[in-house]
Amino acid sequence: MTPRQRFLAARWGYVAVVLLATLSNLHPSADLTAAGPRLIRAFTPSLGWRDAIDGIRNTVLFAGLGMVWVVTSWSGSVRAEIRRATLVGLALSATVEGLQVFSPVRTASIVDVSTNTLGAFLGSAAVAILIARLVAARGARSYLGVPIAFVAGAYGVGVLCEALTPLFGPDALPWVPGGPAGRLRAALHAAAPLSFDTLPLIDLLLFAPAGFLAVLALRERGSDAGRSWGGVAVAGAGLALVAEMGHGALGFPIWWDAVIVRAIALGLGAWAAQRWLAPVTQALRGGMRAAGALFAYALLLVLWGWRPGVPRLHASDIADQLTIAHLVPLASLAERVDVFSALHVFQQFLLYLPLGMVLAVWPLRRTGAWAHLRPAVWLAAVIELGHLVIADRYFDVTNWLIACAGLGVGWIVVRRSGYAPYGAALEGERAPKPG
């Protein structure tokens, strides 16, 4: 396939996933008498909690479409591609919602059209800004060949999503009136005292890299590591507290144990960067440094994906996951009305984005099975298949598709920004090398 054909395949592939996710189990009906009231209801929607969650999910889903559209553009005109991506999002959304008017089990809404179109615009604009920033940073000093600020930013926002909606945490409180402020007051009142038995110790390993990467990003921009790590630690502790307040405003008890563990983790990560950055970067250069970073990040993704690491022992529990709901994109999230179901899509994308960016300039091999994004795609597949045998985790093809989207967007934006491979990480090449 030519590059143009691959780009078109990526665009149509994303459109196909959206259609599959939104039109599955449509159960269309030709009853025009019933379709009329549904059409009227589509233009007079009710706005509630479920609509807000759907709006967030729709925005994230169509933001991916906008990103894919811009990174696969062939015209070279970014502004024109942003307009086209927005119009494609509008047309696709209007088509889907129009078909749902003829479904007795689905609800069409002008709000969905609005959030989908907004998502396509925001995604296309965001990736256009990312490409512009990468182009501006080309040639600057870098530890891995791409600016660490983008890697740290993506991972940091992914960690923030975990703090706001942790995978494992306290159960939601009964619904409390009064909006976010009322829920926050109830969450503070329901907060349990500190206990060593409920410390989320796994967060030490998940949050510490955010502090480490933040110091690397500041050091890359010329800040002194000895001074910046303290600021990162303090800022991290403040963000951990603010995120937990946000968790409480969503209707969950305040989890002081998590705030302490995450603040310590961010501080330890920042201190580790200050302590070990110089000797590590002196010892590892070129391909060796890239290979070490890629291997470490792959282990980190395995940790994210396979926590808590307790095996699932019953074959029936494994078989129960091999259903249509787990094999159709987004089907398992469609019936959920919690914020986690919306932010999880964004988080999964962000966690895999840095891996795609680094592989764009340091592929494991130049050719063959270990070239380009193939190893990362296999890694994402293995992690997701592992959910079949890990307690409290559930296999869902959606996770793998989102991971592949993050990998692909990360890889393409770096290449489209004019970066070229420095070498192959597993071939021991050392020149040219990043700073």
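Residues numbered from 1 in each chain as written. Predicted model: local features only at pLDDT ≥ 70, side-chain atom pairs only at ≥ 80, totals over all residues. Heavy atoms only, no water.

J.: Can you lay out the overall build of the protein chain for me, pointing to particular residues and giving the numbers?
T.: Along its length, the protein chain carries 17 helices and zero strands. Scaling as 2.2 N^0.38, a compact globule of 435 residues should have a C-alpha radius of gyration of about 22 Å, and the protein chain matches this with 23 Å. If one aligns the C-alpha atoms of the protein chain with their principal axes, the spans along those axes are about 75 × 60 × 45 Å. Counting every position in the protein chain, which comprises 435 residues, the buried fraction comes to 47%. (Helix = DSSP H or I, 4+ residues; strand = E, 2+ residues; numbered from the N terminus. Rg over C-alpha atoms; globule rule 2.2 N^0.38 Å. Buried < 20%, exposed > 50% of the residue type's maximum accessible area, 1.4 Å probe, protein only.)

J.: Outline the pattern of salt bridges, listing residues and values.
T.: Taken as a whole, this structure holds five salt bridges when the rule is applied. When the shortest N-O distance is used, the salt bridge between R262 and D203 registers 2.9 Å. Note that R262 is positioned in helix α10 (residues 256–283) and D203 in helix α8 (residues 202–220), a separation of 59 residues in sequence. By relative accessible area, which is 2% here, R262 ends up buried. (Salt bridge = Lys/Arg side-chain N within 4 Å of Asp/Glu carboxyl O.)

J.: Got a sec to walk through the layout of surface pockets? Specific residues and values, please.
T.: By volume, the largest pocket is sized at about 1300 Å³. Forming the walls of the largest pocket are 41 residues, and the residues nearest its centre are C404, A405, G408, V409 and I412. Of all the elements in the fold, those that place two or more residues in the lining of the largest pocket are α1 (3–23), α3 (49–71), α5 (110–137), α15 (339–361), α16 (374–386) and α17 (397–416). Class assignment for the residues of the lining of the largest pocket results in 29 nonpolar, eight polar and four charged. (1 Å grid on protein atoms, 1.4 Å probe; cavity = no way out; pocket = protein on both sides within 12 Å on 5 of 7 lines; lining within 4 Å. Points joined across faces, edges and corners; volume = space filled by probe spheres on them. Nonpolar A, V, L, I, M, F, W, Y, C, P; charged D, E, K, R; others polar.)

J.: Explain unusual backbone geometry residue by residue, including any values.
T.: The omega torsion of the bond from R307 to P308 falls at 5°, within 30 degrees of zero and hence cis. When you line up the elements, P308 lands in the loop between α11 (286–306) and α12 (315–319). Unusually for a residue other than glycine, H372 sits at a positive phi of about 55°. For H372, the location among the structural elements is in the loop between α15 and α16. Note on H372: relative accessible area 38%, which makes it partly exposed. Despite not being glycine, D392 has its phi angle at roughly 65°, a positive value. Inspection of the secondary structure puts D392 in the loop between α16 and α17. Relative accessible area serves as the criterion here: at 49%, D392 is assigned to the partly exposed category.

J.: Any details on α8? Residues and values, ideally.
T.: Over its 19 residues, α8 runs 28 Å from end to end, which matches the ideal 27 Å to within 8%, given 1.5 Å per residue. Those residues of α8 that fall on the buried side of the exposure criterion are D203, L206, F207, A208, P209, A210, G211, L213, V215, L216, A217 and E220. Just beyond α8, the residue with positive phi is G222, at close to 105°. (Expected span 1.5 Å × (residues − 1).)

J.: Give me the environment of A360: which residues, what numbers.
T.: By secondary structure assignment, the location of A360 is in helix α15. Along the primary structure A360 and R307 are separated by 53 residues, whereas in three dimensions their C-alpha atoms are 28 Å apart. Ignoring anything within four residues of it in the chain, the contact list for A360 reads W411, V414, R415 and P421. (Contact = heavy atoms within 4.5 Å.)

J.: Give a description of the state of the cysteines that names residues and reports values.
T.: Going through the model one piece at a time under the given rule, you end up with zero disulfides. With no disulfide of its own, C161 has C404 as its nearest cysteine by sulfur position, at a separation of 19 Å. Overall, the relative accessible area of 5% leaves C161 in the buried class. (Disulfide = S-S within 2.5 Å.)

J.: An account of the environment of L206 is requested, with residue identities and associated values reported.
T.: By secondary structure assignment, the location of L206 is in helix α8. When sequence neighbours within four positions are dropped, the list of residues in contact with L206 reads Y155, V159, L303, W304 and R307.

J.: Now, about the packing of α15 against α17: what can you tell me, with residues and values included?
T.: Each pair of packed helices can be described by the angle between their axes along with the distance between the axes. The geometry of α15 relative to α17 is characterised by a closest axis approach of 6 Å and an angle of 40° between their N-to-C directions. Looking at the two axes, α15 sits oblique to α17. As for how α15 packs across α17, the hand of that crossing is right-handed. Residue-level contacts link H344, V345, Q348, F349, Y352, L353, L355, G356, M357, L359, A360 and V361 of α15 to N399, I402, A403, A405, G406, L407, V409, G410, W411, V414 and R415 of α17. When its residues are assigned to classes, the contact of α15 with α17 shows 16 nonpolar, six polar and one charged. (Axes fitted to C-alpha atoms, helices over the stretch in contact; angles between N-to-C directions. Parallel < 35°, antiparallel > 145°, perpendicular 65-115°, else oblique. Left-handed = near helix turned anticlockwise from the far one by under 90°.)

J.: So what's going on with a nonpolar patch on the surface? Which residues, and what values?
T.: Together, L188, L194, L241, W256, I260, I264 and L268 give the surface a local cluster of nonpolar side chains, amounting to about 610 Å² of exposed area. The element best represented in the nonpolar patch is α10, accounting for four residues. Inspection of the secondary structure assignment puts L188 in helix α7 (residues 179–190). (Patch = residues over 30% accessible without salt bridge, like charges linked within 9 Å, V, L, I, M, F, W, Y side chains within 5 Å. Areas by Shrake-Rupley, 256 points an atom, 1.4 Å probe, with all protein chains shown as cover.)

J.: Requested: an account of α17, with residues and values cited.
T.: The end-to-end C-alpha distance of α17, which contains 20 residues, comes to 28 Å, matching closely the 28 Å that a straight helix rising 1.5 Å per residue would cover. Counting buried positions over the 20 residues of α17 gives 14, a clear majority of the element. Between a side-chain oxygen at the N-terminus of α17 and the backbone nitrogen of T398 the separation is 3.0 Å; the capping residue is D396. Directly beyond the C-terminal end of α17, a positive phi value near 95° is found at G418. (Polar contact = N/O pair within 3.5 Å; in protein donor to acceptor, adjacent residues only side chain to side chain.)

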